[in-house]
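A closer look at the structure
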Amino acid sequence: MKILDNTLKLIREEEEKCIGCKACMRGCPMLHKFCHNPKDLLQELLTKEAFDYKLPYSCMLCGYCTEVCPTGVDLKALFLQLRKDTVKETNGKLPKELNSKAIDFHQRFSFSNIFTSDIENLQSNTIFFPGCALMANSPQLVEKTYNYLRQIIPGIGIYIKCCGKPTLFMGKEGKFKEYFGILEREFRDKGVEKIITGCQNCFMTIGQNSKGLEVVSLWQVLVSLGIPKERVGTCKDIDIDFTLHDPCPTRDVNIIHDSIRQILNELGLDFQEMKFNRNRTLCCGSGGMVGLTEPSIAKDHTNRRANEAKTDYIITYCQECVESMRRGGKKSYHILDLLFNEDFKNMKQENKGTMEKWLNRYRGKNIGK
């Protein structure tokens, strides 16, 4: 693929900042597939003024590289731009090897009336936005969470929709704006002022693209208003060693890191920290749609992250991460399981299949009606 002029300028800026220290490569299996040193890679791109389209679609877009870079090289922004360039060069018809049709299918149905609904049960200016992954895994868990929110936030509504991030991260900026416009119109028409998100991707996507709206995580709310009283201390006698995994989308949101740990402490759960945690957490392997575009690289990320945990059990607060850790050979739970699932210890440690996930989303679209 030809590198466009504006992107060449971006590459030149990043290459000048890069000192070739390889700090970014210590936590990124992807870079090892394409270079011995990121500075060499950037120089090669400048020399050839062209790139292999598999390069940007192998990046998890997790931001770890920039977090650890002493000079602030932003490979995430660069690779996302190269994805956008690929979309332009192919007129939106991405190479078949990237499996983008599966993502397009997911996004079409994630905004259709078959599997989603408009804002329901709203009697205030605040809504709960659970996100796709939680609903696909368990509409029952989403409903229990929403019912509790209704107890502590009178009049809160619920919005069963996708945030559109898969389309954005595939580089299809125009289509993302079309999808996100659906959300913006609904926010405006229903007078929404505050959005409580149950998904880390939704927190970032809505927060970065909705002007004038307050976007907060479910975890902040539960710390501020309290977890269910009957759940306080219920995990103190659990004879299981857990390790906490921080999802990468909110690596820079310290209030979420702190909120999660406070909730776990209130539950009485004893847990270990990962070596790479909080701001320097590593991707679980589900980032950037790489599980579809470059499955082998996604698998490397998943196995590395899962094996970093010294325990057999992992607790996290992203459903995609829960499923990734299971693929990596661990037993994993979402923090909502500990809060609202009475029998979480006897849960089956298996990920739902594609058909079951869509069926769950169909069942869950009527929550709040």
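Residues numbered from 1 in each chain as written. Predicted model: local features only at pLDDT ≥ 70, side-chain atom pairs only at ≥ 80, totals over all residues. Heavy atoms only, no water.

1. Here's the deal with the overall build of the protein chain
So the rule is basically this: Helix and strand assignments come from DSSP, with helices taken as H or I runs of at least 4 residues and strands as E runs of at least 2, each series counted from the N terminus. Within these notes, the globule rule equals 2.2 Å times the number of residues to the 0.38 power, and the radius of gyration is based on C-alpha atoms. Each residue is assigned to one of three classes by its accessible area relative to the maximum for its type, calculated with a 1.4 Å probe on protein chains only: buried under 20%, partly exposed between the two thresholds, exposed over 50%. In what follows, a contact means two residues having at least one pair of non-hydrogen atoms within 4.5 Å. Surface accessibility follows the Shrake-Rupley procedure with a 1.4 Å probe radius. Residue values consider only the protein chains on display as shielding. Only four residue types enter the tally: Lys and Arg on the positive side, Asp and Glu on the negative side, with His and both chain ends excluded. The atom standing in for a charge is NZ when the residue is Lys, CZ when it is Arg, CG when it is Asp and CD when it is Glu.
When you go through the protein chain residue by residue, the secondary structure sums to 18 helices and 8 strands. The C-alpha atoms of the protein chain give 21 Å as radius of gyration, which agrees with the globular expectation for 369 residues (21 Å, within 12%). Along the first, second and third principal axes, the C-alpha atoms of the protein chain reach 60 × 45 × 35 Å. For the protein chain, buried positions account for 57% of its 369 residues. Sequence-distant contacts, at least 24 apart, represent 74% of the contacts inside the protein chain between residues at least 6 apart. Working note: accessible area of the protein chain is about 16,400 Å², and carbon and sulfur atoms make up 46% of it. Each charge sign in the protein chain was given a centre, from 54 positive and 46 negative side chains, and these centres are 3 Å apart.

2. Some details on unusual backbone geometry
Despite not being glycine, Asn 91 has its phi angle at roughly 55 degrees, a positive value. Here Asn 91 is to be found in the loop between helix 5 (75-89) and helix 6 (100-110). With a phi angle near 60 degrees, Met 289 is a residue other than glycine that sits in the positive phi range. Residue position: Met 289 is located in the loop between strand 6 (271-273) and helix 14 (290-293).

3. A closer look at the pattern of salt bridges
Two side chains bearing opposite charge may form a pair once their charged atoms approach each other closely. Inclusion rule: We count a salt bridge whenever a side-chain nitrogen from Lys or Arg sits within 4 Å of a carboxyl oxygen from Asp or Glu.
Across all of its chains, the model carries 16 salt bridges by this definition. Its salt-bridge partner being Asp 189, residue Arg 188 comes within 3.9 Å of it at the nearest N-O pair. Given a relative accessible area of 56%, Arg 188 falls into the exposed group. Judged by relative accessible area, which is 57%, Asp 189 ranks as exposed. Residue Arg 261 is joined to Asp 246 by a salt bridge in which the shortest nitrogen-to-oxygen separation is 2.7 Å. Linking Arg 261 in helix 13 (residues 254-267) with Asp 246 in the loop between strand 5 (242-244) and helix 13, this pair joins segments that are 15 residues apart in sequence.

4. Examining the environment of Lys 33
Heads up, the condition is: Pairs of N or O atoms within 3.5 Å make up the polar contacts considered here, provided that, within protein, one atom can donate a hydrogen while the other can accept it, and that residues adjacent in sequence are counted only when both atoms are side-chain atoms.
When you line up the elements, Lys 33 lands in helix 2 (residues 29-34). Residue class for Lys 33 comes out partly exposed when judged on its relative accessible area of 48%. For the pair Lys 33 and Leu 336, spaced 303 residues apart in sequence, the C-alpha separation works out to 36 Å. For Lys 33, the contacting residues outside a window of four places in its chain are Ile 297 and Asp 300. Polar side-chain contacts of Lys 33 include one of 3.3 Å to the side chain of Asp 300.

5. Topic: the side chain of Ser 110
In this fold, Ser 110 is placed in helix 6. Under the relative-accessibility criterion, Ser 110 is labelled buried at 0%. A polar atom in the side chain of Ser 110 sits 2.6 Å from the backbone oxygen of His 106. Discounting residues that sit within four places of it in the chain, Ser 110 has contacts with Thr 116, Cys 132, Lys 161, Cys 162, Trp 358 and Arg 361.

6. Topic: the nonpolar core
Stated precisely, the cut-off is as follows: What we call a nonpolar core is a set of buried Ala, Val, Leu, Ile, Met, Phe, Trp, Tyr and Cys residues that are connected through their side-chain atoms within 4.5 Å.
Membership of the largest hydrophobic core comes to 112 residues, with the highest contact counts inside it found for Trp 219 and Leu 264. Ranked by residue count, the leading element in this core is helix 5, at 6 residues. Within the second largest apolar cluster, 8 residues are counted, among which are Ala 306, Ile 314, Cys 318 and Cys 321.

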